[in-house]
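Notes for the structure review
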Amino acid sequence: MTSEDDSFGDLTIRTQISRFIEAAPPPLLQRIPAIDKEYTEKLIASGFAVEQIRFLDSAVQYAPEGIVVMAPCEDGSPKVVFVNDGYCRMSGRAREELVGQAPAIFASHESDKAMADALLHPLCQRRGFSGEALATRSNGAKYILDLTVVPAHDSNGALIYWIAYLHDVSEKKAQLAALEHQVLHDVLTDLPNRALLEDRLQQAMLAAEADRMSVGLLFFDLDDFREVNDTLGHHFGDAVLRQVAARVQPALRAVDTISRLGGDEFAILLPNIVDTRDAMKIALAVYDAFLVPFDIEGQTFEVGASVGVAVSPTHSNDAIGLMRCAEVAMYAAKQSRNGYLPYAPDQETATITSLALRVDLREAIDHNQLVLHYQPKIHLRSGLVTRVEALVRWLHPERGLMQPDQFIPLAERSALIKQLTDWVLDGALAQCRAWQEAGFPLHVAVNLPTQSLLEPFLPQRVSRLLDKWGLDPRVLKLEITESGIMADPPHVLAILHLLRTLGVRLSLDDFGTGYSSLVHMRNLPVDEIKIDKSFIMGMRHNESDGAIVRTIISLAHSLGHEVVAEGVDDEETFKILSELGCDLAQGYYLTPPLPAEELMKWLEASRWGEGATEVLRKRRPSH
Ligand code: C2E
Ligand code: CA
Ligand code: CA
């Protein structure tokens, strides 16, 4: 036996055989076919018992993988002397077709045949080898063969056989390729994702550096994309995202990569360009590609793009730096409504401000810098106040009191909105409980952003908070918007029904500003409709606004909903609304939103509050 420095553990026939014996299932023993005579004789000569040989034969014959034994013919080259059932099945060929062939039969491709023929090389003959080959079944189907050939020697160290183990690894390979594709591509659009882009960017920058060329990187995102999602639904948003690549492709070369970074953000890698001008030309073409409106399922709408351009080595000579520059330039293009802009260092400040604000907001939530103000809703018929709306403010340590319009949109663009909503819900319910204990059983309304409506666990969270504060669910009203519902109508409706089942009340906020208001109003499980303040504020001067307000009131009443007018900021509007039969009013005419203690003072001091306070005091809470 030789003891070469082999990598396959140069196995002797004896070792091979004992391995098969160990692995062989005993019942097969009975099914042993006629054993190759010459082969058997050799084995017996090597000291094997017939029983053992039967065992071996069975194990090899019925092994699920292909096992082929080759022996050197007269000129020393290997020829197949034995094939098992596994390989016949795999190759789709009969044993007679295979026996006597050279190892090249394993492969169909010329280079792979060469690999199989490498077995002729003396080094391989001694050490064996392994590799992959493209093979063809008898029916012409291609498959990938994993081939390991091990030489076997007799007890004198002479090479007598090669044993080949063959596996069809096509499926495994395909699974691996699919997995790799999945890891490196975006599911919705099937475009390369950020990881793949980064990798290609790095390669492109290395190559460009060697060739003294530049690499261009464009970042772009869609303008008002959220509006598409909110007003037309996610289904349309997804369709837009899927069409992005086809839109910009005509502007690109075959070597350019378009990638989806997430949300409505995309990037285009331009390897091997001369300078910034080249990249700007493509940026313009990308920008232009979005000037044509989208037409999806018969709906025509416009979605523009803002493109940021960064070029190496001008703006940065490392991949991460270049990506940052392209992103900053994109924000600058968006903010300036400029369509497309190359990176410039002075763009940094503006971007940093909104990034810093986001970091601050996270801290604000953790460190109780947020406060809730409450604005009462008054019953127009009785003049009583029994409901308030909670509205959040941010006491920023440097910027002072910030209104929600300055940070809610920012929070909505990140996961922070969930924390913020939880904070508001918790705070408003805590306050509600405190009022109850003080003898003011006010009902509280909380604004729910679209993101919350899309969360499957919202009803559970609300229910848990109500339990935490020991409150009857009927004291809580959630204000939702039409765009929130339109984001995913079936899902949101299911959530709303669940909330209603809990006993929570629902209010449709900013009513009249969305698309499909009237159509949907009938089927919505809401208790209250809030006419958007733009109509209320316009009704004194604008007849059509007045007509809209009248129509909404009568329609809502006919459907059994209460109507609230928000933005009531003068006496005249207040009176008109009373005459129109509107149920409740909210606005600066009564009071702007107030901190909780001031609201109490207002309730006790104002003429609206007086009667209310009395009535509320009589209606002591049941808790
Ligand atoms: P909204 O839900 O429509 O709230 C009503 C807004 O109108 C409040 O502004 C209120 O101060 C203002 N308002 C009330 N009466 C009048 C009036 O007579 N004239 C005028 N011009 N305005 C009046 P605010 O508090 O600045 O809130 C703005 C928006 O921010 C809210 O609109 C709501 O969409 C959002 N928001 C406020 N608090 C929260 C919150 O806790 N969570 C969420 N998700 N959004 C909130
Ligand atoms: Ca509201
Ligand atoms: Ca509103």
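Keep in mind that this is a model prediction, so the values were computed, not measured. (Residues numbered from 1 in each chain as written. Chains lettered and ligands numbered in written order. Predicted model: local features only at pLDDT ≥ 70, side-chain atom pairs only at ≥ 80, totals over all residues. Heavy atoms only, no water.)

This part takes up the site of ligand 1. Taken together, the neighbourhood of ligand 1 is formed by 23 residues, with R393, N447, D509, M537 and Y588 sitting nearest. Contact between ligand 1 and V392: a nitrogen atom at 3.1 Å from a main-chain N or O atom of the residue. N447 has a polar side-chain atom sitting 3.0 Å from an oxygen atom of ligand 1. For ligand 1, whose free accessible area comes to 790 Å², the fraction covered by protein is 86%. At the level of elements, β14 (385-396), α15 (404-412), β18 (505-511) and α22 (533-538) are the ones that each hand at least two residues to the shell around ligand 1. In terms of residue count, β14 provides more of the shell around ligand 1 than any other element does, four residues in total. (Near = heavy atom within 4 Å. Polar contact = N/O pair within 3.5 Å; in protein donor to acceptor, adjacent residues only side chain to side chain. Areas by Shrake-Rupley, 256 points an atom, 1.4 Å probe, with all protein chains shown as cover. Helix = DSSP H or I, 4+ residues; strand = E, 2+ residues; numbered from the N terminus.)

Taken in spatial order, the five strands line up as β7-β8-β6-β11-β12 in an open sheet, and their pairing is mixed. Both outer strands of the open sheet, β7 (257-262) and β12 (340-342), are each paired with one neighbouring strand and no more. Neighbour-to-neighbour, the strand axes of this sheet turn through a mean angle of 20°, independent of strand direction. Judged from the eight bridges that link them, strand β6 (residues 214-222) and strand β11 (residues 305-312) form a sheet pairing that is antiparallel. When the sheet's bridge partners are listed, V215 is paired in β11 with S312. Against the sheet, helix α9 (residues 194-211) touches β6, β7, β8 (265-273) and β11, its axis set at about 20° to β8. Docked against the sheet, helix α11 (residues 234-248) engages β6, β7 and β8, running at close to 145° with respect to β6. (Pairing = 2+ DSSP bridges. Axes fitted to C-alpha atoms, helices over the stretch in contact; angles between N-to-C directions. Contact = heavy atoms within 4.5 Å.)

The next thing to look at is the pattern of salt bridges. With the rule as written, the count across this model stands at 29 salt bridges. The closest approach of N and O atoms between E528 and R387, which form a salt bridge, is 2.9 Å. Here E528, found in strand β19 (residues 528-531), pairs with R387, found in strand β14; they are 141 residues apart in sequence, far enough to count as distant. Considered together, E528 and R387 belong to a single accessibility category, that of buried residues. Of the charged contacts, one joins E455 and R461 as a salt bridge, the two residues approaching to 2.3 Å between their closest N and O atoms. Both residues of the pair, E455 and R461, belong to the buried class. Salt bridges sharing partners connect three or more residues here, namely K377, R387, E389, K477, E479, E528, K530, E562 and E566. (Salt bridge = Lys/Arg side-chain N within 4 Å of Asp/Glu carboxyl O. Buried < 20%, exposed > 50% of the residue type's maximum accessible area, 1.4 Å probe, protein only.)

Structural measurements only, silent on function.
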